[in-house]
Amino acid sequence: MSAATNLQSEDQFLCSICLDVFTDPVTTSCGHNYCKNCITQHWDVNDSCQCPKCNKVFKTRPELHVNTLLSEMVAQRREAQQKASSSSSEQQAAKPGEVPCDVCTGTRLKALKSCLVCLTSYCQTHLEPHLTATSLKRHQLIEPVENLESRMCRKHDKHLELFCKTDQTCVCMLCSVLDHKAHEVIPLREEYEGKKAELEKAEAEIQQMIQKRQLKIQEIKESVKMRKDAADRQKAEGVQVLTALMESVERRLKELIKEIEDKQETTEKQAEGLIKDLEQEISELMERSSEVEQLSRSEDHLHLLQSFSSLKAALCTKDWTEVRVRPPSYEGTVGRAVETLRKDMKKKLFKTELKRVQQDAVDVTLDPDTANPYLILSDDGKQVKCGDVRKKLPDNPERFTYCVCVLGEQSFSSGRFYFEVQVKGKTDWDLGVSTESINRKGNIRLIPQNGFWTVWLRNGSEYSACAAPPVRLCLRSGPQKVGVFVDYEEGLVSFYDVDAAALIYSFTGCSFTEKLFPYFRPGLYQHVKNSAPLIICPVNQIE
C-alpha cells in the first residue's frame, strides 16, 4: 500500500477547502472528499448545504461518515512521510535561531520555505504539496521567516499586500477602500522596489562611510606608529645626550677634585718645607745650647771671652714670627666648574637639537614667479642677490613688486621641515617663512600678524627677530650659515647658527592655518658691500 500511495497524485490527499492533507476524510453523495470539520464548518456558515466542488445542493444535510479507505491511505502516507522525516539526519533539525517547520510533530525540522498564503513554514517533506499540487503552486513561497501572523492585517485578517504612502504603513485590500480610501496606496512590490533602491543607495553610502573610517583607522595607526618612532628617536637621543652630560659631569667633577687636591698638595708641600727648616734650626739650636752650657761652666776667663763672641753670632737665627702656611684659595672653584659644565651642557643640548631638526631637511628652490624684478636668481634656483637694474617681468599676482624678496617654490601645510641658507659675507638679509596670503604688492611689515616669521641682519652686526615689537638678538659672533626649522602642528619656527650649533631665536605658540613658504630677502645692492648672494645649501648633519 505504501508503494501505491507514492504513486497516487498528491491532489487526492488534499482537502479542497483547507488545501491541506485530509483529517478525518468524509465523502459526500456526489463523490467528493473533504475533511469532516472543514465541510461541517462550510455548511454552518452557509444557508444551504452545497458541494463546494460540483455545487450540488442537498435538501437536507447529509449524515457524514469517515471514509475508512481514504483515512487509511492518508494515515499510511503520513506514516511514510514521518519515516522519511525520521531518516533525515539530525543536522536538518531546526537549531536555535532557525525557523522550524510548523507541520512537523516531535522533532521539528528546519523550514526551507514559508508560504504567505497558508502563513505556514514547511520543511522539505511538508513542502512537497506546494511544489506538486496544482492548486498550491500558485501560493507565494519565500525564504523561511518567523511571525507570519505579522503579515496579516489585525483588523481585517487579510494579507498585507498594499502600502499606504500617505501613512507610510502596510495595509490590506479592505484597509485601502475603508480606512485609507483617500490616501495614495500602491502595491507592496512597487514600494518594495523603491525602498530597495534606497537601501542600495544607503548601502553604498554605508560602504563609503566604512571605507572612510577604515582609512581613518589606518591614518590613526600610522600616526601612532609615527609618534612611536618619534618617541623611540627621542629616547635614543635622550639616552645619548644624558649619557654625554653624565660623562661631562664626571669629567668636570674629576677636574674639580684634582684642582682642589693639587692646591691642597701644594699647601702640604709648603708646610713640609717650613717644618723641615724649623726642625733643622731646632737641631742647630740644641747644639748651641750644649755649647753655651759648657762655656758657662768654664773657669777659664780668657777662653770664655774668646768664645763668647763667636757663640753669640751663631745664635742669630731666622725670625719665624710672621711665617705662615698660605691656605689655598677655593673661592669660585666650584662656581667656575658649574659654569663650565653649564656651557658644555648647553652646547651639547643645542647640538643634539640641531642634529634632530636636520633630519627633517627638505629640498628648497627659489620661485622665479615671485621674485622682485631687481633680484638675480641662479639657474638652479639656489642663489639670489640684488642687482641694480629692474628687469621687465610680468606683473603676475604672485610677484613682489615693491619689496626686494622672493619665496621658495615648495609649500608646506603640515609636518616638519628644515633648510639651511649661507649668509657669509653679507651685511643685510631677511630669512624665514611666510603664508601664501601675504601682501606682495605694497610695503611689508615683517611681523607674525601679517604672515611673516623671520629674523634679519642690519648694518653688518644688528640682529633682530621680527616680532611685534622686534626682539634684539645678542649674538657673540655673526652666523655664516642659518638653519630654519618649522613644526607646523606645534606652531614652532626656530633659527639656528649651524656652525656654532646654537639656537638664534624661536617663535612659539604660532597658529598656522594656510600654506607656508620659505622667505628670502638678500638686501639691497650696495656695490661691493652686501653683494654676496644668499645660498640655499645642502644639509650636512653635524657630527
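See the structure shown above.
Quick caveat, the model's predicted, so the values are computed rather than measured.

Summing up its helical and strand segments, the chain has 8 helices and 23 strands in all. Over its C-alpha atoms the chain spans a radius of gyration of 56 Å, topping by over 25% the 24 Å that the globule rule assigns to 543 residues. For the C-alpha atoms alone, the extent of the chain along its principal axes is close to 195 × 95 × 45 Å. Look at the contacts in the chain between residues 6 or more apart in sequence, and 57% of them connect residues 24 or more apart. Counting only carbon and sulfur atoms, one obtains 52% of the accessible surface of the chain, whose full area is about 34,300 Å². Of the side chains in the chain, 74 bear a positive and 79 a negative charge, and the two mean positions are spaced by 5 Å.

Moving on, we get to the environment of Lys269. Structurally, Lys269 can be placed in helix 6 (residues 188-296). Of the residues examined, Lys269 reaches a relative accessible area of 52% and is grouped as exposed. Taking C-alpha positions, Lys269 is 79 Å from Glu398, a pair spaced 129 residues apart along the chain.

Right, let's talk about the nonpolar core for a bit. Ranked by internal contacts, the top residues of the largest apolar core, which has 37 residues, are Trp429 and Phe520. Dropping the residues within four chain positions of it, Phe520 is found in contact with Val364, Leu366, Cys405, Val406, Leu407, Gly408, Phe419, Val421, Asp430, Leu431, Leu534 and Ile536.

Overall, the coordinates contain 25 salt bridges when judged by the stated rule. For the salt bridge of Asp232 with Lys235, the shortest nitrogen-to-oxygen distance reads 3.7 Å. Taken together, the residues Asp232 and Lys235, both in helix 6 and 3 residues apart, mark about one turn of the helix. Salt-bridge contacts for Lys269 lead to Glu265; the nearest nitrogen and oxygen are separated by 3.4 Å. Of the two residues, Lys269 and Glu265 both sit in helix 6, 4 residues apart, roughly one turn of that helix. Residue Glu265 is classed as partly exposed on the basis of its relative accessible area of 38%. One salt-bridge network, in which partners are shared between bridges, spans Asp428, Asp430, Arg458 and Arg521.

Right, let's talk about the side chain of Thr427 for a bit. Turning to its location among the elements, Thr427 is positioned in the loop between strand 14 (416-422) and strand 15 (429-435). With relative accessibility at 18%, the residue Thr427 sits in the buried group. Apart from residues lying up to four places away in sequence, Thr427 is in contact with Leu457, Arg458, Asn459, Gly460, Gln526, Lys529 and Asn530.

It is worth spelling out unusual backbone geometry at this point. Of the consecutive residues Ala468 and Pro469, the connecting peptide bond is found in the cis state with omega at 5°. Residue placement: Pro469 occurs in the loop between strand 17 (462-465) and strand 18 (471-473). Within the chain, Leu119 stands out as a residue other than glycine whose phi angle is a positive 55°. Here Leu119 lies in the loop between strand 5 (113-115) and strand 6 (120-122). On the accessibility criterion, Leu119 (22% relative accessible area) is partly exposed. Even without a glycine there, the phi angle at Ala501 is positive, about 50°. Assignment of secondary structure puts Ala501 in the loop between strand 20 (492-497) and strand 21 (502-507). Residue classification places Ala501 among the buried positions, given a relative accessible area of 8%.

About the cut-offs
- Going along each chain's sequence as written, the residues are numbered from 1 onward.
- The model is predicted, so local features are restricted to residues of pLDDT at least 70 and side-chain atom pairs to those at 80 or more, both for listing and for counting; the totals for chains, interfaces and linings are taken over all residues.
- The side-chain values count all of the structure's non-hydrogen atoms but skip hydrogen atoms and water molecules.
- Each helix is a run of H or I in the DSSP string that is no shorter than four residues. Each strand is a run of E no shorter than two, and both are numbered from the N terminus.
- Radius of gyration means the value over C-alpha atoms here, while the globule rule gives 2.2 Å times the residue count to the 0.38 power.
- The contact criterion used is simple: two residues touch if any of their non-hydrogen atoms lie within 4.5 Å.
- Methods summary: accessible areas were calculated by the Shrake-Rupley approach with a probe of 1.4 Å, and residue burial reflects only the protein chains presented.
- Only four residue types enter the charge count, namely Lys and Arg as positive and Asp and Glu as negative; His and the chain termini do not.
- The location of each charge is read from NZ of Lys, CZ of Arg, CG of Asp or CD of Glu.
- Burial classes: relative accessible area under 20% of the type maximum marks a residue as buried, over 50% as exposed, and values in between as partly exposed (1.4 Å probe, protein chains only).
- The term nonpolar core refers to a set of buried residues drawn from Ala, Val, Leu, Ile, Met, Phe, Trp, Tyr and Cys, joined through side-chain atoms within 4.5 Å.
- Salt bridges are defined by distance alone: a side-chain nitrogen of Lys or Arg within 4 Å of a carboxyl oxygen of Asp or Glu.

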